[in-house]
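The lines below spell out each chain.
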Amino acid sequence: MTMMQDKVIAATRSWVEKAVIGLNLCPFAKAVHVKEQVRYVVSEARHLDAFLEDLDRELDLLAAADPAQIDTTLLIHPTLLADFLDFNQVIGIAEEAVEEHELEGVIQIAAFHPQFQFEGTGPDDISNYTNRSPYPTLHLLREDSIARAAAAFPDASAIFGRNIAKLEELGHNGWQALQVGPPAAD
């Protein structure tokens, strides 16, 4: 692993530990993190086609892997998809790749980006920070794991609203204090 990959993984792992788990943005994340079932992959692709080939490999690897060994994968690219609008288009392509690999109902994709912005929000809206990560990241999740976790969590549908309320309480300065990724607006 290169020094750049180590740095990217360390920053992403810190974000997972301090924000995703630390703020309990995803109540399902702690178990797979503690069991070291999260695969962190840094793509060094120089163009989109090569990145999509990395995605293809990771989809196949995750589908074939024993969930007790690899339950979920974070595919990270630190430079290629810096523009959120470009990244947003790649999300659709990634979802098509899931279909092409005949993994619908098996694997789904969640997206995280330093400039993540939900439709209908302003760029500095604190709600966007629920999906802001240090680097553009595609999260490959096993649907079976999601279903088990959701069954164990009362009212899983309330997670999103609870996360927004938590970030509104934390505020931009509180997010900055976590030192987990993209700077918050002042």
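Figured I'd write up the structure that's included with this text. Every residue gets a number counted from 1 within its own chain, in the order that chain's sequence is written. Selection of residues for local features in this predicted model requires a pLDDT of at least 70, selection of side-chain atom pairs for listing and counting requires 80 or more, and totals for whole chains, interfaces and linings are taken over all residues. The side-chain figures draw on all heavy atoms in the structure; neither hydrogens nor water molecules are used.

Focus: the sheet that holds strand β3 (residues 107-112)
Move 1: If you trace the four strands from one edge of the open sheet to the other, you get β1-β2-β4-β3, paired in mixed fashion. Bordering the open sheet on either side are β1 (38-42) and β3, each of which pairs with just one other strand. Averaged over neighbouring strand pairs, the angle between their axes works out to 20° when direction is ignored.
Move 2: In the sheet, β1 pairs with strand β2 (residues 72-76) via five bridges, with the strands oriented parallel. When the sheet's bridge partners are listed, Val41 is paired in β2 with Leu75.
Move 3: Note on definitions: a residue-residue contact is assigned when non-hydrogen atoms from the two residues lie within 4.5 Å. Every angle, taken between N-to-C directions, lies between 0 and 180 degrees, and every axis is a line fitted to C-alpha atoms, over only the stretch in contact when it is a helix. Going along the chain from the N terminus, every DSSP run of H or I of four or more residues is numbered as a helix, and every run of E of two or more is numbered as a strand. Its contacts with the sheet put helix α3 (residues 48-64) on β1, β2, β3 and β4 (137-142), and the angle it makes with β4 is roughly 20°. Here the rule is simple: two strands pair whenever DSSP picks up at least two bridges between them.

Concerning the packing of α3 against helix α4 (residues 84-100)
Move 1: Remark: α3 packs on α4, axes separated minimally by 10 Å, with the N-to-C direction vectors making an angle of 40°. Between α3 and α4, the angle falls in the class oblique. The handedness of the crossing between α3 and α4 is right-handed. Contacts from Leu48, Phe51, Leu52, Leu55, Asp56 and Leu59 in α3 reach Val90, Ile93, Ala94, Ala97 and Val98 in α4.
Move 2: In this classification, the charged set is Asp, Glu, Lys and Arg, the nonpolar set is Ala, Val, Leu, Ile, Met, Phe, Trp, Tyr, Cys and Pro, and all remaining amino acids, among them Gly, are polar. Broken down by class, the residue content of the contact of α3 with α4 amounts to 10 nonpolar, no polar and one charged. By the definition adopted for this analysis, an angle is roughly parallel if under 35 degrees, roughly antiparallel if over 145, roughly perpendicular if from 65 to 115, and oblique otherwise. Left-handed describes a crossing in which the near helix is turned anticlockwise from the far one by less than a right angle; the clockwise case is right-handed.

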